[in-house]
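# Per-entry structural report
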Amino acid sequence: MTGSNDDAVDEPNTAADSQPSLIPEVQVRTLDAQGVRRSLTINGVTEPDRSVSIASETSGRVLELLKSAGDQVDNGELIARIDPRDLNAQLRTARANLEQARLEYEGAQRLGNQGLQNRSQLAAAEAQFQNAQAQLEALELALRDTQIRAPFAGVLESLDIEVGTFVSPGQIVAQVYDYDPMRVVGEVPETDVNFLSAGQSATVSLVTGEELSGELTFVGTVANPATRTFKVEIAVPSSPKNLAGATAKANIMLAEQQGHYVSPALLNINDSGEMGLKTVNSNNLVEFSPVSIVRSDTGGVWVTGLPRQVSLIVVGQGFVNAGDEVNPVAVSGNNLAAGQ
């Protein structure tokens, strides 16, 4: 039997059609940006709002102590007395001399008005009166100097004298610390300083376990040349357990940003060392988008740097590179961070 059958039907080449596609398949999820507030943590130490070392302004022996180290003191409250010796007697004499000089000056004025006293005599009486007044004021000041008082309300941190101690002018006798408000002083990196401004709210955790609400009061403008950091200060209300130089941690919520919540397992590092995520564009091509982590929790991380809406590769990102064509398969779910 020879020849051909013109009625024969060509069989389709099913082998070629059954070959698998060379375009990889990935699972993607469409994510929309949401508002997220980044927090900045600052490690610092506590400091009083102000402190002063009180020095003696006169010499003499300490006659009486009215306060002890650790006591609360009010503004102007008496802390100690120094022996005034004969100052009180000198004051009585000075007051008597002032009264005599005043009477003589007033008498000279009356005589001068009647033309019975020349101007030279009147000027001498006035000078004597002014001199007596100055002597009295000097003695009153000397007496005040024998009283050591608190310059402002606070805590008497130290009292370095005892009854009978002889003190000299300029000798440090006490220190007063004002903890209302207390300050937390720390430093922030130069990359974060632009996000801070005076008046921002802060939550401060003290070494004592207390948590206090505070306010950012100072942001430095000159960097530490060794660390490239900027000094910041946060004011917090006075604590029952005021400690200067103790460790504290402040947390400041920054302005809201647009970000995406993803699983940290989806983050990749490219050949340039940049951290980012792999997404699929409208042409089904893989793109690598650098991102920055602004906040994290136990479920995932908030990142910025992506467009408002993206098709994020959640399965198969490890087998494709930027520029590859892929076959995206959309998936859905509630747990965006885990890619499920």
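Residues numbered from 1 in each chain as written. Predicted model: local features only at pLDDT ≥ 70, side-chain atom pairs only at ≥ 80, totals over all residues. Heavy atoms only, no water.

Counting 25 residues, the largest nonpolar core has V188, L196, V204, I234 and I252 as the members making the most contacts within it. Of all elements in the fold, only β2 (34–55), β9 (172–189), β10 (201–206), β11 (211–219), β12 (229–236) and β13 (247–262) reach the threshold of two or more residues within this core. If you tally residues by element for this core, the top one is β9, at five residues. Residue contacts for V188: discarding those within four places in its chain leaves L40, I42, V193, L196, T229, F230 and V232. Of all hydrophobic cores here, the second largest spans 16 residues; its members include V73, F152, V173 and A174. (Core = buried A, V, L, I, M, F, W, Y, C linked by side-chain atoms within 4.5 Å. Buried < 20%, exposed > 50% of the residue type's maximum accessible area, 1.4 Å probe, protein only. Helix = DSSP H or I, 4+ residues; strand = E, 2+ residues; numbered from the N terminus. Contact = heavy atoms within 4.5 Å.)

On average, residues of the protein score 87 in pLDDT, and 91% of them reach the 70 mark or higher. Segment residues 334–340 is flagged for pLDDT under 50; beyond a separation of four residues in sequence, or across chains, it makes 19 contacts in the model. (pLDDT = per-residue confidence, 0-100.)

Another aspect to go through is the pairing of strand β7 (residues 154–159). Within a regular strand, side chains alternate between the sheet's two faces. For β7, a buried count of five out of six residues is recorded, marking the element as mostly surrounded by other parts of the structure. Two strands pair when backbone bridges link them, and strand β4 (residues 72–73) and β7 are joined in this way by two bridges, in the antiparallel orientation. The residue of β7 that forms the bridge with Q72 is V155. In this sheet, β9 lies alongside β7 in antiparallel orientation, the contact comprising four bridges. Its bridge partner lying in β9, S158 is registered against Q175. (Pairing = 2+ DSSP bridges.)

With that settled, the discussion passes to the packing of helix α2 (residues 87–113) against helix α3 (residues 119–145). Across the interface, α2 lies against α3 with an axial gap of 8 Å and an inter-helix angle of 160°. On the basis of their axis angle, the class for α2 and α3 is roughly antiparallel. The two elements α2 and α3 cross, and the hand of that crossing is left-handed. (Axes fitted to C-alpha atoms, helices over the stretch in contact; angles between N-to-C directions. Parallel < 35°, antiparallel > 145°, perpendicular 65-115°, else oblique. Left-handed = near helix turned anticlockwise from the far one by under 90°.)

Taken together, four strands build an open sheet; the order of strands is β6-β5-β3-β8 and the sheet is antiparallel. If you trace the sheet from one side to the other, it starts and ends with β6 (147–149) and β8 (166–167), each paired once. Pairing geometry for strand β3 (residues 60–65) and β8, over two bridges, is antiparallel. Bridge pairing links G60 to V167 in β8.

With that out of the way, let us pick up the environment of L103. With respect to the helices and strands, the residue L103 is situated in helix α2. On the basis of relative accessibility, which here comes to 46%, the residue L103 falls in the partly exposed class. Distance from L103 to V193, taken between C-alpha atoms, is 70 Å for residues 90 residues apart in sequence.

With that settled, consider the packing of aromatic side chains. All told, the structure shown has three aromatic pairs when counted by the stated rule. Seen in terms of ring centroids, Y105 and F129 are 5.7 Å apart; in terms of plane orientation they differ by 10°. Their pairing is stacked. Separated by 24 residues along the polypeptide, Y105 in helix α2 and F129 in helix α3 bring together distant segments of the chain. Each member of the pair, Y105 together with F129, is buried. (Phe/Tyr/Trp six-rings, centres within 6.5 Å; stacked < 30°, edge-to-face > 60°.)

Residue position: K67 is located in the loop between β3 and β4. A distance of 3.0 Å separates a polar atom in the side chain of K67 from a polar atom in the side chain of E77. (Polar contact = N/O pair within 3.5 Å; in protein donor to acceptor, adjacent residues only side chain to side chain.)

Taking 1.5 Å of rise per residue, the 27 residues of α3 would be expected to cover 39 Å, and the 39 Å separating its terminal C-alpha atoms lies within 8% of that figure. Every buried residue of α3 is listed here: A125, F129, A132, L136, L139 and D145. (Expected span 1.5 Å × (residues − 1).)

The subject of this paragraph is the pattern of salt bridges. Side chains that differ in charge, positive against negative, can pair when their charged atoms come close. The tally for this structure, following the rule as stated, stands at 10 salt bridges. In this structure, D178 and R50 form a salt bridge, with 3.0 Å as the shortest nitrogen-oxygen distance. Linking D178 in strand β9 with R50 in strand β2, this pair joins segments that are 128 residues apart in sequence. Since its relative accessible area comes to 7%, D178 is described here as buried. The partly exposed category is assigned to R50, whose relative accessible area is 41%. With a closest N to O distance of 2.9 Å, R183 and E233 form a salt bridge. (Salt bridge = Lys/Arg side-chain N within 4 Å of Asp/Glu carboxyl O.)

To continue, consider unusual backbone geometry. Negative phi values dominate among residues other than glycine, just as trans dominates among peptide bonds. In this structure, the amide linkage connecting D180 to the following residue, P181, adopts the cis form with an omega of 0°. Mapped onto the elements of the fold, P181 is located in strand β9. A positive phi angle is found at R228, which is not glycine, with a value near 60°. Residue placement: R228 occurs in the loop between β11 and β12. Among the residues examined, R228 registers a relative accessible area of 42% and is labelled partly exposed.

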